[in-house]
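Coordinate inspection notes
Spelled out, the chains give:
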Amino acid sequence: MSTAITRTAIVTGAARGIGATTARRLAMDGFAVAVVDLDESACQSVVDEIESAGGQAIAVGADVSDEQAVTTAVERIATELGRPTVLVNNAGILRDNLLFKMTVADWDAVMNVHLRGSFLMSRAAQKYMTEAKWGRIVNLSSTSALGNRGQANYAAAKAGLQGFTKTLAIELGKFGVTVNAIAPGFIETDMTAATAERMGVSFEEFRDALVAQIPVGRSGKPEDVANAVSFFVGDGAGFVSGQVLYVAGGPTN
Ligand code: NAI
């Protein structure tokens, strides 16, 4: 019989896309996984897949930008699944527009999900990590943090997450908690499919134009990001903290 303690991981925005693939990956790595997204029922298929592969997971509905919802969700996860010591802040939205057309609602919505959400989730989860003297936080940034036309809100939020990451790394390091960010380039998900649609081009045209700029000559897949998350949350990455890893098929400038 194994005496290894099962660690609990929370992945936000995990009903689909990068979050769903990351949740499945962390379950394969041996974590019990809380699959968190806006709609609890939308998380159930990811939970079912994890369970049928022999893993442990629960579906949790929560808006990460809502303080009370976050408190309730993290307490429920600690009680029902185990005290969380891994957190992947992946939930995200786009409200792209050029500055002169960007509404205050577009600005606030993006800030609230990415920045406020990561802050609230991290603040709620760090308690369990510092108590355990071990923890891992991974924040999803983006190559857009370097600037991207039509994304003043999203670029500011994703750059903000890099400063947030480095600061938490400094504050939490002495408790055995590492905090890192992953900044993906173009990854094929519903989010990028929606961008193609908004731009009025087919997904294939959109993808091919972007791939032409990517040194490794292909688009990114959710697994490319999940592999990097798996590295950061592992025991072997305990001396890596406050870093931003670009997962973009080439260097960034
Ligand atoms: P997606 O749109 O496929 O999935 C995002 C998930 O987050 C959805 O299931 C959505 O319901 C959930 N979500 C949104 N607001 C939420 C809230 N307030 N509370 C809880 N859950 C919420 O997106 P994708 O592509 O999987 O992106 C995941 C993360 O990776 C995002 O943070 C995104 O900004 C980032 N990213 C994605 C890139 C890409 O090319 N797809 C590139 C760089 C970064």
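Residues numbered from 1 in each chain as written. Predicted model: local features only at pLDDT ≥ 70, side-chain atom pairs only at ≥ 80, totals over all residues. Heavy atoms only, no water.

Turning to the nonpolar core, a few remarks are in order. With 36 residues, the main nonpolar core has Ile10 and Ile77 as its most contacted residues. Mapped onto this core, the elements with two or more residues apiece are strand E2 (32–37), strand E3 (57–61), helix H3 (67–80), helix H4 (104–132), helix H5 (152–172) and strand E6 (177–184). Among the elements that make up this core, the one with the highest residue count is H4 (nine residues). Those residues in contact with Ile77, other than ones at most four positions away along the chain, are Thr8, Ile10, Ala34, Val36, Ile58, Val60 and Gly82. Counting 31 residues, the second largest nonpolar core, distinct from the first, contains Ala15, Val35, Trp134 and Val229. (Core = buried A, V, L, I, M, F, W, Y, C linked by side-chain atoms within 4.5 Å. Buried < 20%, exposed > 50% of the residue type's maximum accessible area, 1.4 Å probe, protein only. Helix = DSSP H or I, 4+ residues; strand = E, 2+ residues; numbered from the N terminus. Contact = heavy atoms within 4.5 Å.)

The seven strands lie next to each other as E3-E2-E1-E4-E5-E6-E7, forming an open sheet whose pairing is parallel. On the outer flanks of this sheet lie E3 and strand E7 (244–247), each paired with one strand and no other. Across the sheet, the mean angle from the axis of one strand to that of its neighbour is 20 degrees, orientation sign disregarded. Looking at chain direction, strand E5 (residues 135–140) and E6 are connected through six bridges and run parallel. In the strand pairing of E6, Asn139 is matched with Ala181. Packed on one face of the sheet, H4 meets strand E1 (8–12), strand E4 (84–89), E5 and E6 and runs near 160 degrees to E4. (Pairing = 2+ DSSP bridges. Axes fitted to C-alpha atoms, helices over the stretch in contact; angles between N-to-C directions.)

Before going further, it helps to spend a moment on unusual backbone geometry. We note that Lys133 has phi near 55 degrees; this positive angle belongs to a residue other than glycine. Tracing the sequence through the fold places Lys133 in the loop between H4 and E5.

This brings us to H5. The end-to-end C-alpha distance of H5, which contains 21 residues, comes to 30 Å, matching closely the 30 Å that a straight helix rising 1.5 Å per residue would cover. Buried within H5 we find Asn153, Tyr154, Ala155, Ala157, Lys158, Leu161, Gln162, Phe164, Thr165, Leu168, Ala169 and Leu172. Each element contacted by the buried residues of H5 is listed here: H4, E5, E6, helix H6 (190–199) and E7. (Expected span 1.5 Å × (residues − 1).)

Direction vectors running N to C along H3 and H4 enclose 35 degrees, while the axes themselves pass 10 Å from each other. In the packing of H3 onto H4, the handedness of the crossing is right-handed. Taken together, the residues of H4 that come into contact with H3 (itself represented by Glu67, Val70, Val74, Glu75 and Ala78) are Arg116, Leu120, Met121, Arg123, Ala124, Ala125 and Tyr128. (Left-handed = near helix turned anticlockwise from the far one by under 90°.)

All right, on to the pattern of salt bridges then. Between side chains of opposite charge, a pair can form as their charged atoms come close. Scanning the model with the defined rule gives 13 salt bridges in all. Between Arg76 and Glu80 there is a salt bridge, and its shortest N-O distance comes to 3.0 Å. With Arg76 and Glu80 both in helix H3 and four residues apart, this pair spans about one turn of that helix. For Glu188, the salt bridge is made with Lys221, and the minimal N-O distance between the two is 3.6 Å. Here Glu188, found in the loop between E6 and H6, pairs with Lys221, found in the loop between helix H7 (203–211) and helix H8 (222–233); they are 33 residues apart in sequence, far enough to count as distant. The class for Glu188 is partly exposed, based on a relative accessible area of 22%. Using a relative accessible area of 34% as the deciding quantity, one classes Lys221 as partly exposed. What you see here is one network of salt bridges that share partners, running through Glu188, Arg207, Asp208 and Lys221. (Salt bridge = Lys/Arg side-chain N within 4 Å of Asp/Glu carboxyl O.)

Below, the discussion takes up the site of the ligand. What surrounds the ligand is a group of 28 residues, the closest being Arg16, Asp37, Asn90, Tyr154 and Thr189. In the environment of the ligand, an oxygen atom lies 2.7 Å from a nitrogen or oxygen atom belonging to the side chain of Arg16. Asp63 has a polar side-chain atom sitting 2.9 Å from a nitrogen atom of the ligand. Bound to the protein, the ligand loses 93% of the 840 Å² it would expose on its own. The element contributing the most residues to the shell around the ligand is H6, with three residues. Residues of the shell around the ligand, tallied by class, amount to 13 nonpolar, 10 polar and five charged. (Near = heavy atom within 4 Å. Polar contact = N/O pair within 3.5 Å; in protein donor to acceptor, adjacent residues only side chain to side chain. Areas by Shrake-Rupley, 256 points an atom, 1.4 Å probe, with all protein chains shown as cover. Nonpolar A, V, L, I, M, F, W, Y, C, P; charged D, E, K, R; others polar.)

What follows is about the environment of Leu94. When you line up the elements, Leu94 lands in the loop between E4 and H4. The spacing of Leu94 and Arg76 is 18 residues in sequence and 29 Å in space, taken between C-alpha atoms. In this view, Leu94 contacts Val110, Gln151, Tyr154, Met191 and Thr195; residues no more than four positions away in its chain are not counted.

Among the residues making up H6, those that are buried are Thr192, Thr195 and Ala196. End-on, the buried residues of H6 take up no more than an arc of 100 degrees, which puts them together on one face. Taken together, the buried residues of H6 touch H7. At the N-terminal end of H6, a side-chain oxygen is found 3.1 Å from the backbone nitrogen of Met191, two or three residues along, and the residue is Thr189. Gly200, located one to two residues past H6, shows a positive phi value of around 75 degrees. (Arc of directions from axis to C-beta.)

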